[in-house]
Structure formats: structure tokens, C-alpha cells
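Structural overview
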Amino acid sequence: MNLLDQFAAYPMALRDMVALAFLFISWLGIGWFTERPPAGRPSVSVLMTRYRREWMRHFVDREPRIFDGNILASLREGTAFFASACMIATGGLLALIGNGERLRSVASGLELNPTSDTGWELRLLVPMFFVVNAFLKFVWAHRLFGYCAVMMAAVPNRPDHPDAMDRAMQAADLNITAARSFNAGLRSVYFALAALGWLTGAWTLMLGTAIVLWVTWRREFASTSRQVILRSLPPPVLSAGLSGPVEQRTPARRPPQP
């Protein structure tokens with residue numbers, strides 16, 4: 001008996017538990033692997049951190065800086081759009097959970113009949129978990145992009161000012177943190193779509209999870225966009241005045257406490 005036959009022989013509740021474990025392990029695993037990839041094969045998210053710091057390095061010398069403000073505004077608009085979409089999706093899922101009779105009537109028409117142990121309400125709670133997590137990530141990313149905007153406004157207008165580059169790099173770090181939260185929100189949306197497959201059974205949930213896992217991995221590690229990004233990758237040392245990579249620098253003085 002092969003592995004698939006053994007899985008098919010499991011009781012329905014046990015198959016659901018295995019499929020759920022596969023879903024959450026895949027979600028946590030791809031997130032960890034994307035943010036901490038092998039040194040020889042960085043992900044798109046990690047590669048973009050260099051471009052974000054390069055952006056802030058050029059921001060110090062750019063006059064006027066309206067162009068940079070417009071880019072940051074577009075990033076905030078994207079996070080606001082996804083946060084609003086997640087709020088609508090959460091409301092829709094709550095409405096479905098609260099209207100179980102109508103949901104069961106639709107299910108009977110589709111010849112779907114979950115057991116009492118894994119009813120429709122439970123099957124909708126899992127995608128709602130991912131949607132709510134995505135909403136929180138998008139809201140936090142939106143706020144961090146706002147912090148980045150304030151930090152960019154605090155960069156002195158004179159490029160030779162002693163604080164200009166340090167504050168620009170602070171803005172870059174806030175931008176990178178916001179982008180990391182935004183990417184985590186997108187991954188939650190992807191896996192929320194996979195979790196909807198549980199409505200038709202454990203097999204569909206596992207298949208949907210495998211598809212989302214492959215798509216997420218491919219976009220980060222084997223996409224055409226990654227090849228384009230690697231064509232002319234900025235060096236980790238962003239300025240001749242820096243003694244090492246920005247990631248290893250420490251501030252020269254302690255910032256004032258709020």
C-alpha cells in the first residue's frame with residue numbers, strides 16, 4: 001500500500017487534520033525560507049532590500065524630492081487597497097458563518113456534506129484566520145510606510161550634512177520592514193485561497209496548498225522578475241564613506257527617547 005492509499009484509508013477527521021497541518025507548515029515554512037534564504041540563492045524579497053537602500057542613497061542627492069514622495073504614496077495606496085479588501089472578505093466570511101442554514105442548503109445542492117466534526121463553520125474559520133492575519137500585516141505595513149515618509153522628510157536638504165545619510169538609511173530600514181510585512185500579508189492571502197479548498201474536502205485542501213506553495217516559491221526563487229533584478233544588483237556597501245555594509249552598521253549616537 002503506497003502513501004496515497006494509506007492517506008485515503010484514514011478516517012475523514014484524521015485526513016482533515018493532516019491536510020490542515022500541511023497547510024500551516026507550508027505557510028510558516030515558505031515565509032521563513034523567503035526571509036532567510038540560503039546565501040547562494042537569495043529570494044526576490046531579500047534582493048529588493050538592496051534596491052530600497054540604493055533608493056534612499058540617491059534620495060539624499062535628488063532635487064526636488066517629489067518623485068520619491070510619489071513612489072512612497074503609491075506604496076501606501078497599495079497597502080490600503082489590500083487592507084480594505086481583507087476587511088470586506090472578513091465581513092463576507094463572518095456573514096457566511098452566521099448564516100449556516102443557507103450555507104448548508106447551497107452545499108446540499110453541490111452534493112457536499114461535511115461531517116459534524118468538521119462542519120462548514122470550522123472550514124470557514126481557517127481562511128478567515130489567514131484573511132485577518134493579512135489585514136493586520138497590511139495595516140502595519142501602511143503605518144510603517146508612514147513612518148518612512150516622516151523619516152524621509154527629516155533628511156536634511158544638504159547632502160553633505162553629517163546626519164543626511166544616516167537618516168536616509170533609517171528610512172530605508174523602515175521601508176524594508178514595511179515591505180516585509182506587506183509580503184507576509186500577500187502570502188496570507190495566497191494561503192487563504194488555498195484554505196478555501198477545504199470546503200470540498202481534505203484532498204482539495206492539500207492540492208490547493210501544494211499549488212500555492214509552488215507558486216509562492218517560484219515567484220521568489222525562479223521567476224523572470226528575479227533574473228531581471230539580478231542583472232545589476234547594487235553592492236551591499238552603499239557609500240564610500242561607510243566602513244561596511246549597512247546591515248552591520250550601528251548608529252554613532254543614541255537617539256533621543258520619545
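Residues numbered from 1 in each chain as written. Predicted model: local features only at pLDDT ≥ 70, side-chain atom pairs only at ≥ 80, totals over all residues. Heavy atoms only, no water.

1. With respect to unusual backbone geometry
The amide bond that connects Glu63 to the next residue, Pro64, takes the cis arrangement and shows omega of -5 degrees. Along the chain, the position of Pro64 falls in the loop between helix 3 (44-61) and helix 4 (66-98). (Helix = DSSP H or I, 4+ residues; strand = E, 2+ residues; numbered from the N terminus.)

2. With respect to the environment of Arg123
Looking at the secondary structure, you find Arg123 in helix 6 (residues 120-153). The class for Arg123 is buried, based on a relative accessible area of 4%. Taking C-alpha positions, Arg123 is 9.4 Å from Ile97, a pair spaced 26 residues apart along the chain. (Buried < 20%, exposed > 50% of the residue type's maximum accessible area, 1.4 Å probe, protein only.)

3. What about the nonpolar core?
If you look at the biggest cluster of nonpolar residues, it comprises 26 residues, and the most contacted ones within it are Leu20, Leu23, Val126, Phe130, Phe138, Phe191 and Leu205. Among the elements that line this core, the one with the most residues is helix 6, at 8 residues. Leaving out residues up to four positions away in the same chain, Phe138 has contacts with Thr79, Phe82, Ala83, Cys86, Phe182, Gly185, Leu186 and Val189. (Core = buried A, V, L, I, M, F, W, Y, C linked by side-chain atoms within 4.5 Å. Contact = heavy atoms within 4.5 Å.)

4. Looking at the environment of Val132
Mapped onto the elements, Val132 comes out in helix 6. Put simply, Val132 and Cys86 are 46 residues apart on the chain and 7.0 Å apart in space, counted from C-alpha to C-alpha.

5. What to know about helix 4
The end-to-end C-alpha distance of helix 4 is 48 Å, a good match for the 48 Å that 33 residues give at a rise of 1.5 Å each. Those residues of helix 4 not exposed but buried are Asp68, Leu72, Thr79, Ala83, Cys86, Thr90 and Leu93. The secondary structure elements touched by the buried residues of helix 4 are helix 3, helix 6 and helix 7 (164-195). (Expected span 1.5 Å × (residues − 1).)

6. Re the packing of helix 7 against helix 8 (residues 202-221)
Between helix 7 and helix 8, the least distance of the axes is 8 Å, while the angle of their chain directions is 155 degrees. Viewed along their axes, helix 7 and helix 8 adopt a mutual orientation that is roughly antiparallel. You can see that helix 7 and helix 8 cross each other, and the crossing is right-handed. Only Leu205, Gly208, Thr209, Val212, Thr216 and Arg219 of helix 8 make contact with helix 7, whose side of the interface consists of Arg187, Tyr190, Phe191, Ala194 and Ala195. A class-by-class count of the residues in the contact of helix 7 with helix 8 yields 6 nonpolar, 3 polar and 2 charged. (Axes fitted to C-alpha atoms, helices over the stretch in contact; angles between N-to-C directions. Parallel < 35°, antiparallel > 145°, perpendicular 65-115°, else oblique. Left-handed = near helix turned anticlockwise from the far one by under 90°. Nonpolar A, V, L, I, M, F, W, Y, C, P; charged D, E, K, R; others polar.)

7. Section: helix 3
For helix 3, built from 18 residues, the straight-helix expectation of 26 Å at 1.5 Å per residue is met to within 8% by its first-to-last C-alpha distance of 27 Å. Residues of helix 3 that are buried: Val44, Ser45, Leu47, Thr49, Arg52, Arg53, Glu54, Trp55, Met56, Phe59 and Val60.

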